[in-house]
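Structural characterization, general
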Amino acid sequence: MKMLFTSPKVLLSLLLLPLFACQVDAQAVSSLESIQSQAELDKVIASLDSALFDSYNRCNLEKFSSFFTDDVEFYHDQGGVTLGKQKLTESVKNNICGKVTRELVPGTLQVHYMKGYGAVEIGVHRFHHPGHEETEPVGEGRFIHLWQYKDGAWKITRVISYDHHAAAK
């Protein structure tokens, strides 16, 4: 049987392809400089939010971490402060994966342009506990994400997650 991929370059390319695909998924949106309207900015940030939390809900930690700067600061009203992408990713792995999923509350997303930097995203999200709906109430909280556009990529530099409470039924 003949080998289809005999070149080391082809083999290396195939091995690295998932890494590049992960980055493209996270950043297949417009650059800050090319955005010409609020509607375009809203679309970009909503797309990033959707991709970020798709990776969160699926526990795709490599993709999840690609949305943050190495020195991200995450402030949580109940969990305290988490500093750095590595610690944030570990926290999601240990406390979220297989236990919690997130959904954006429709109609709550606000996006504001930050000149020369990126955008601030504000909204309300709900947290579900798959398989434990009867014993774990749906949680709700507010969030602020500070998105920076730098070196061709959108990344979150700061998160404030607050006002956590049981969602109204």
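Cut-offs used in this document
- Residues numbered from 1 in each chain as written.
- Predicted model: local features only at pLDDT ≥ 70, side-chain atom pairs only at ≥ 80, totals over all residues.
- Heavy atoms only, no water.
- Helix = DSSP H or I, 4+ residues; strand = E, 2+ residues; numbered from the N terminus.
- Buried < 20%, exposed > 50% of the residue type's maximum accessible area, 1.4 Å probe, protein only.
- Contact = heavy atoms within 4.5 Å.
- Disulfide = S-S within 2.5 Å.
- Polar contact = N/O pair within 3.5 Å; in protein donor to acceptor, adjacent residues only side chain to side chain.
- Salt bridge = Lys/Arg side-chain N within 4 Å of Asp/Glu carboxyl O.
- Pairing = 2+ DSSP bridges.
- Expected span 1.5 Å × (residues − 1).

1. Thoughts on the overall build of the protein
Within the protein, the secondary structure is distributed over four helices and seven strands. Per-residue burial over the protein gives 38% buried out of 169 residues. Taking the contacts inside the protein whose residues are at least 6 apart along the sequence as the reference set, 56% of them involve residues at least 24 apart.

2. Some thoughts on the state of the cysteines
This structure, assessed with the given rule, holds one disulfide. The side chain of C59 participates in a disulfide bridge whose partner is C97; the two sulfur atoms lie 1.8 Å from each other. Taking the torsion about the sulfur-sulfur bond, which here is approximately 80 degrees, the covalent link between C59 and C97 counts as right-handed. In this pair, C59 is assigned in the loop between α2 (38–58) and α3 (61–65) and C97 in the loop between α4 (85–95) and β3 (101–104), connecting sequence segments 38 residues apart. Of the residues examined, C59 reaches a relative accessible area of 30% and is grouped as partly exposed.

3. Observations regarding the environment of F64
If you trace the backbone, F64 turns up in helix α3. Its relative accessible area of 4% is what places F64 among the buried residues. Discounting residues that sit within four places of it in the chain, F64 has contacts with L52, S55, Y56, L88, T89 and V92.

4. Looking at the side chain of S66
In this fold, S66 is placed in the loop between α3 and β1 (68–76). Taking the relative accessible area as the measure of exposure, S66 reaches 8% and is therefore buried. Only 2.6 Å separates the side chain of S66 from the backbone oxygen of K63, close enough to count as a polar contact.

5. Quick look at unusual backbone geometry
Residues other than glycine seldom take positive phi values, yet C59 does so here, at roughly 60 degrees. One non-glycine residue with positive phi stands out, namely D163, at about 55 degrees. Tracing the backbone shows D163 in strand β7 (residues 153–166). Owing to a relative accessible area of 36%, D163 belongs among the partly exposed residues under this scheme.

6. What to know about the pattern of salt bridges
This structure, assessed with the given rule, holds six salt bridges. Between K85 and D70 there is a salt bridge, and its shortest N-O distance comes to 3.2 Å. With K85 in helix α4 and D70 in strand β1, the pair connects residues that are 15 residues apart, well separated along the chain. You can call D70 exposed: its relative accessible area is 63%. Among the ionic pairs, D163 bridges to R142, the shortest N-O distance being 3.2 Å.

7. Digging into the pairing of strand β2 (residues 80–83)
For β1 and β2, the ladder comprises four bridges, and the chain directions are antiparallel. Each residue of the ladder has a partner; that of F74, found in β2, is T82. Here β1 folds back onto β2, and the loop between the two strands holds three residues.

8. Digging into α2
In an α-helix, one turn spans 3.6 residues; hence positions three or four apart end up facing the same way. Taking 1.5 Å of rise per residue, the 21 residues of α2 would be expected to cover 30 Å, and the 30 Å separating its terminal C-alpha atoms lies within 8% of that figure. Taken as a whole, α2 has its buried residues at L41, V44, I45, L48, D49, A51, L52, F53, S55 and Y56. One or two steps after α2, the chain reaches C59, where phi turns positive at roughly 60 degrees.

9. Things to note about the pairing of strand β4 (residues 110–114)
Note: β4 against strand β5 (residues 118–128), five bridges, orientation antiparallel. Its bridge partner being in β5, Y113 is matched across the sheet by A119. Linking β4 to β5, which pair antiparallel, is a turn of three residues; within it G116 sits at a positive phi near 70 degrees.

Everything listed is a geometric property; what it means functionally is a separate question.
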